[in-house]
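Results of the structural survey
Each chain, letter by letter, is given below.
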Amino acid sequence: MFFRQLATHDASLSYFFGCTGHAKAVAVDVVAGDEEWFVDQAAQQNVKITHVIDTHLHADHISGGRTLAARVGAPYCLHEVAVGAVHFDFLPLRDGQVIEAGNVLVKVLHTPGHTPESVCLLVTDKRRSNEPWFVLTGDTLFVGAVGRPDLADHERKMAAQLYESLHAKLLSLPDAIEVYPGHQAGSVCGAGLSGKPSSTIGFERRFNPSLVLGDSGAFVDSLVRDIPERPADMGRILAANTCSA
Ligand SMILES: [Fe+2]
């Protein structure tokens, strides 16, 4: 397989990976303005982009996902919960669904908490093993932090959902699974993010301050105490990411 991580402005991290043998690739969390980079990478790797996925509806930057999807003729994908929140058609993803890109398998994990439609993507390279190798964690789990729970309001309820998602869906994975988050230090999507753009489930399990808190109540209390400023221009950005134009 091939794998690229793109560090963009606003401390966002985008991903492009796939199977060169079967010439299929997946683009994740594309930032508006970066579409050409994905087209160039696809040409370099000689692959076709089969899916363009946003891990959630972003509140801090305008997504380039729909533009790239239209440009390359691929479906734009969000978790199915987003149906009521957006004014355009997309390919709805379900929890547990597996997307095949040649020898690369992408399993959708619905992980609500940062937002209701947040997903993580668990990736397997069948050429190496039938077991998963890494997980793209969007804004659910960062290196050294977790996603902020307040963007959809109801922050205590969302924080409790985030606790469940983290513990049931991510911390149930083996320690060796690599973690590739949606942001690094400098982002307003969480508090206390590391400047290192990847980690492992095992390292975060032991040393992430939000994952070593005892129970859901302590987690919720800690998270809502430490909420950063809302992203500048959040209303305009969310409108752009959910509107039909
Ligand atoms: Fe986010």
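Residues numbered from 1 in each chain as written. Predicted model: local features only at pLDDT ≥ 70, side-chain atom pairs only at ≥ 80, totals over all residues. Heavy atoms only, no water.

On to the state of the cysteines. Across all of its chains, the model carries 0 disulfides by this definition. No disulfide involves Cys 77; its nearest neighbouring cysteine sulfur is the one of Cys 120, lying 16 Å away. No disulfide involves Cys 189; its sulfur sits 14 Å from the nearest other cysteine sulfur, which is in Cys 120. Owing to a relative accessible area of 1%, Cys 189 belongs among the buried residues under this scheme. (Disulfide = S-S within 2.5 Å. Buried < 20%, exposed > 50% of the residue type's maximum accessible area, 1.4 Å probe, protein only.)

Our next topic: the side chain of Ser 12. Relative to the helices and strands, Ser 12 resides in the loop between β1 (2–7) and β2 (13–19). In terms of polar contacts, Ser 12 uses its side chain to reach the side chain of His 61, at 3.3 Å. In this structure the side chain of Ser 12 is engaged in a polar contact, spanning 3.4 Å, whose partner is the side chain of His 183. (Helix = DSSP H or I, 4+ residues; strand = E, 2+ residues; numbered from the N terminus. Polar contact = N/O pair within 3.5 Å; in protein donor to acceptor, adjacent residues only side chain to side chain.)

Once that is clear, we can look at helix α5 (residues 216–225). All of the buried residues along α5 are Phe 219, Val 220, Ser 222 and Leu 223. Buried-residue contacts for α5 involve β12 (145–146) and α3 (155–170). (Contact = heavy atoms within 4.5 Å.)

Attention now moves to the packing of α3 against α5. Geometrically, a packed helix pair is captured by the angle between its two axes and the distance between the axes. Here α3 crosses α5 at 125 degrees, and the two axes come no closer than 9 Å. Between α3 and α5, the angle is such that the two are oblique. As for how α3 packs across α5, the hand of that crossing is right-handed. Here α3 contributes Glu 155, Arg 156, Ala 159, Ala 160, Leu 162, Tyr 163 and Leu 166 to the contact with α5, which in turn contributes Ser 216, Phe 219, Val 220, Asp 221, Leu 223 and Val 224. Along the lines of polarity and charge, the residues of the contact of α3 with α5 split into 9 nonpolar, 1 polar and 3 charged. (Axes fitted to C-alpha atoms, helices over the stretch in contact; angles between N-to-C directions. Parallel < 35°, antiparallel > 145°, perpendicular 65-115°, else oblique. Left-handed = near helix turned anticlockwise from the far one by under 90°. Nonpolar A, V, L, I, M, F, W, Y, C, P; charged D, E, K, R; others polar.)

Listed as protein donors to the iron ion are His 56 (NE2), His 114 (NE2) and Asp 139 (OD); their distances from the metal cover 2.0 to 2.3 Å. Donor residues for the iron ion sit on one chain with the sequence pattern H-x57-H-x24-D. Taken together, the residues His 56 in the loop between β4 (48–53) and α2 (65–72) and His 114 in the loop between β8 (104–110) and β9 (119–125) connect sequence positions 58 residues apart. When sorted by exposure, His 56 lands in the same class as His 114, which is buried. (Donors = N, O, S within 2.8 Å, 3.2 Å for Na, K, Ca; no water.)

The next point concerns the sheet that holds β4. Taking strand neighbours across the sheet as the criterion, the 6 strands line up as β1-β2-β3-β4-β5-β6 in an open arrangement whose pairing is mixed. Both outer strands of the open sheet, β1 and β6 (91–93), are each paired with one neighbouring strand and no more. Mean inter-strand twist for the sheet, computed between neighbouring axes without regard to direction, equals 25 degrees. Two elements, β2 and strand β3 (residues 24–28), share 5 bridges in a ladder whose sense is antiparallel. Bridge pairing links Tyr 15 to Val 28 in β3. (Pairing = 2+ DSSP bridges.)

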